[in-house]
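Analysis of the macromolecular model
As a plain string of letters, each chain reads:
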Amino acid sequence: MNRVGQGIDIHRLVEGRPLILCGVNIPFEKGLLGHSDADVATHALMDALLGAAALGDIGELFPDAEDAYRGADSLVLLEEVIKRVALEGYSPVNVDVTIVAQRPKLRPYIDLMRQNIADVLGLPVQAVSVKATTTEGMGFEGEELGMSAQAICLIKKKKCE
Ligand code: MG
């Protein structure tokens, strides 16, 4: 049986923080604000995976009141999510992530982002899509007040041995 899931996330863009997207540290004058590393793209993807398996959301799984997740590497959290999904008997088939950001240009980092996600999910890189778009200067992303991300994934029931 196949199931789909979707996730979205939004973080504020502020000075004095690193910009981390799909585990890639991207040189930029601002970074995303959050309790963890605020990797908005990985967060959207985690919610998509949890959604596909109807396992709640990352706010439930990794409460931001907990010190354990302060500054957490979101790829490590993604590893935990994929374990939970596997416990339900599912494995990912493909994922597609879209990052909405006015600046910086993300194209040079896309392949590294895809590889990071593929490595954690145990998927070939061809099954991992990461895209980026601007909003042509409109809205909070366009005004560089924040970044958002959306993700969708397909998971399939693993075959019984
Ligand atoms: Mg988040």
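This text follows the structure it describes.
In short, a report on the structure. (Residues numbered from 1 in each chain as written. Predicted model: local features only at pLDDT ≥ 70, side-chain atom pairs only at ≥ 80, totals over all residues. Heavy atoms only, no water.)

This paragraph deals with the sheet that holds strand S1 (residues 2-15). Overall, mixed pairing links the five strands, which are arranged S4-S1-S7-S5-S6 in an open sheet. Unpaired on one side and paired on the other, strand S4 (30-32) and strand S6 (128-133) mark the two borders of the sheet. Pairwise comparison of adjacent strand axes, ignoring direction, gives a mean angle of 20 degrees for this sheet. Pairing between strand S5 (residues 90-100) and S6: six bridges, direction parallel. Considered in S6, the bridge of Ile99 is made with Ala132. Strands S5 and S6 of the sheet are contacted by helix H4 (residues 110-121), whose axis makes an angle of about 145 degrees with S6. (Pairing = 2+ DSSP bridges. Helix = DSSP H or I, 4+ residues; strand = E, 2+ residues; numbered from the N terminus. Axes fitted to C-alpha atoms, helices over the stretch in contact; angles between N-to-C directions. Contact = heavy atoms within 4.5 Å.)

Working reference: metal with six octahedral donors, ideal angles 90 or 180 degrees; metal with four tetrahedral donors, ideal angle 109.5 degrees. Distances from the magnesium ion to its protein donors, Asp9 (OD), His11 (NE2) and His43 (ND1), fall within 2.1 to 2.3 Å. Along the chain, the residues donating to the magnesium ion fall in the pattern D-x1-H-x31-H. With Asp9 in strand S1 and His43 in helix H1 (residues 40-52), the pair connects residues that are 34 residues apart, well separated along the chain. Considered together, Asp9 and His43 belong to a single accessibility category, that of buried residues. (Donors = N, O, S within 2.8 Å, 3.2 Å for Na, K, Ca; no water. Buried < 20%, exposed > 50% of the residue type's maximum accessible area, 1.4 Å probe, protein only.)

Turning next to the side chain of Ser36. Looking at the element boundaries, Ser36 is found in the loop between S4 and H1. Given a relative accessible area of 8%, Ser36 falls into the buried group. Among the polar contacts listed, one links the side chain of Ser36 to the backbone nitrogen of Ala38, at a separation of 3.1 Å. For Ser36, the residues in contact, after removing those within four places along its chain, are Arg17, His43, Tyr69, Gly71, Ala72 and Ser74. (Polar contact = N/O pair within 3.5 Å; in protein donor to acceptor, adjacent residues only side chain to side chain.)

Turning to the side chain of Ser74, a few remarks are in order. Mapped onto the elements of the fold, Ser74 is located in helix H3 (residues 74-87). In terms of polar contacts, Ser74 uses its side chain to reach the side chain of Asp37, at 2.5 Å. Other than its neighbours up to four places away in sequence, Ser74 contacts Ser36, Asp37, Asp39, Thr42, His43 and Met46.

Right, let's talk about the pattern of salt bridges for a bit. When the charged atoms of two side chains with opposite charge come close together, those side chains can pair. The tally for this structure, following the rule as stated, stands at five salt bridges. A salt bridge links Arg114 to Asp111, with the nearest nitrogen and oxygen atoms 3.6 Å apart. Of this pair, Arg114 and Asp111 are both found in helix H4, three residues apart, which corresponds to roughly one turn of the helix. Given a relative accessible area of 23%, Arg114 falls into the partly exposed group. Connected through shared salt-bridge partners, Glu29, Arg103 and Glu144 make up one network. (Salt bridge = Lys/Arg side-chain N within 4 Å of Asp/Glu carboxyl O.)

Let us look at the environment of Glu136. With respect to the element layout, Glu136 can be found in the loop between S6 and helix H5 (139-142). Accessibility expressed as a relative area gives 70% for Glu136, which makes it exposed. For the pair Glu136 and Gln102, spaced 34 residues apart in sequence, the C-alpha separation works out to 7.2 Å.

Any functional reading would require information that these geometric values do not contain.
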